[in-house]
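# Architecture at a glance
Letter by letter, the chains look like this.
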Amino acid sequence: MRFQDELAAFRARHPDIDSAEIVALDLNGVPRGKLVPLALLDKLAEGGMKMPASNPALDIFSNDVYETGLMTQNGDPDGVCTAVPGTLGPMLWADPLAAQVQVTIGLPEGGPAPYDPRNVLARQVARAAAMGTRLCEVIPGTVLTSRIWKPRPASRMKSTRPQTLQSTARKAARASS
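We now turn to the structure provided with this report. (Residues numbered from 1 in each chain as written. Predicted model: local features only at pLDDT ≥ 70, side-chain atom pairs only at ≥ 80, totals over all residues. Heavy atoms only, no water.)

### Focus on helix α3 (residues 117-130)
Residue pairs spaced three or four apart in an α-helix point in one direction, given the helix's 3.6 residues per turn. Where we set the bar: Helix numbers and strand numbers start at the N terminus; a helix is a DSSP run of H or I with at least 4 residues, a strand a run of E with at least 2. To estimate how far a helix should reach, multiply one less than its number of residues by 1.5 Å. For every residue, the accessible area (1.4 Å probe, protein chains only) is compared with the maximum for its type, and the residue is labelled buried under 20%, exposed over 50%, or partly exposed between those bounds. Here, residues are in contact when the closest pair of their heavy atoms is within 4.5 Å. Pairs of N or O atoms within 3.5 Å make up the polar contacts considered here, provided that, within protein, one atom can donate a hydrogen while the other can accept it, and that residues adjacent in sequence are counted only when both atoms are side-chain atoms.
The end-to-end C-alpha distance of α3, which contains 14 residues, comes to 20 Å, matching closely the 20 Å that a straight helix rising 1.5 Å per residue would cover. Burial in α3 covers these residues: P117, R118, N119 and A128. Residues of α3 that are buried make contact with β1 (19-25) and β6 (98-106). Where α3 begins, the capping side chain belongs to D116, and its oxygen is found 3.0 Å from the backbone nitrogen of R118. At the exit of α3 stands G132, carrying a positive phi of roughly 85°.

Next comes the structure, spelled out in structure tokens:
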């Protein structure tokens, strides 16, 4: 479904909502974004909504990481936001009611930003598929969690039982007797 169609259906279902959070996740999983009037989502649907291209590459303290090369002495260039399909929804806990939509941030000159977390994950899934491995199923959400598990041979497995002072003392007593 195109975002324009998703937006029209959302407006029909939720005529009382008049603002929306535009959210992009950074490489640390921190949501970054802005609150806009719902009417501006038309701009998002047309590819005209902008956010700083460096948003996905901020450090955990929201500081620019100059080593990324994304900032200039005059500031951050704007990246183009693209809505993630299926993420437009009401925030029923918000007062007043608002919508939320997740976005990816593209390069200012066009195309996907290689440092956007969703693009990083998509590349890794594609690499795994090329090797004949199904890495994971990607489901849109605000929590980007994945776990890669590779079974180890039994000879290399370590005990996952937590060490306690009592078990350590028993081992030491057995060793000394």
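Let's pick the thread back up.
### Regarding the side chain of E6
For the record, the criterion: Counting rule for charge: Lys and Arg are taken as positive, Asp and Glu as negative, and neither His nor the chain ends is counted. By definition here, a salt bridge exists when the distance from a side-chain nitrogen of Lys or Arg to a carboxyl oxygen of Asp or Glu is within 4 Å.
Relative to the elements of secondary structure, E6 occurs in helix α1 (residues 3-13). The side chain of E6 is buried and forms no salt bridge, while R13, the nearest opposite charge, is found at 7.0 Å. Beyond its immediate stretch of four places on either side in the chain, E6 contacts M1, P85, G86, T87 and L88.

### Digging into unusual backbone geometry
Cis peptide bonds are those with omega within 30 degrees of zero, and the linkage from D95 to P96 qualifies with 5°. Inspection of the secondary structure puts P96 in the loop between β5 (89-91) and β6.

### Some words on the pairing of β6
To keep things clear, this is the line we draw: Strands are treated as partners if at least two bridges between them are detected by DSSP.
With nine of nine residues buried, β6 is to be regarded as a mostly interior element. Burial along β6 is two-sided: the face carrying A98, Q100, Q102, T104 and G106 and the face carrying A99, V101, V103 and I105 are both buried. Alignment of β1 against β6, held across four bridges, turns out to be parallel. The partner of V23 across the bridge, within β6, is Q102. Of the strand pairs in this sheet, strand β4 (residues 78-83) and β6 are connected by four bridges, and their pairing is antiparallel. Pairing of V80 across the sheet is with G106, part of β6. Here β5 runs beside β6; their pairing, made up of three bridges, is antiparallel. Bridge assignment links M91 to a residue of β6, and that residue is A98. Between β5 and β6, which pair antiparallel one after the other, the connecting turn spans six residues.

Geometry only, nothing functional implied.
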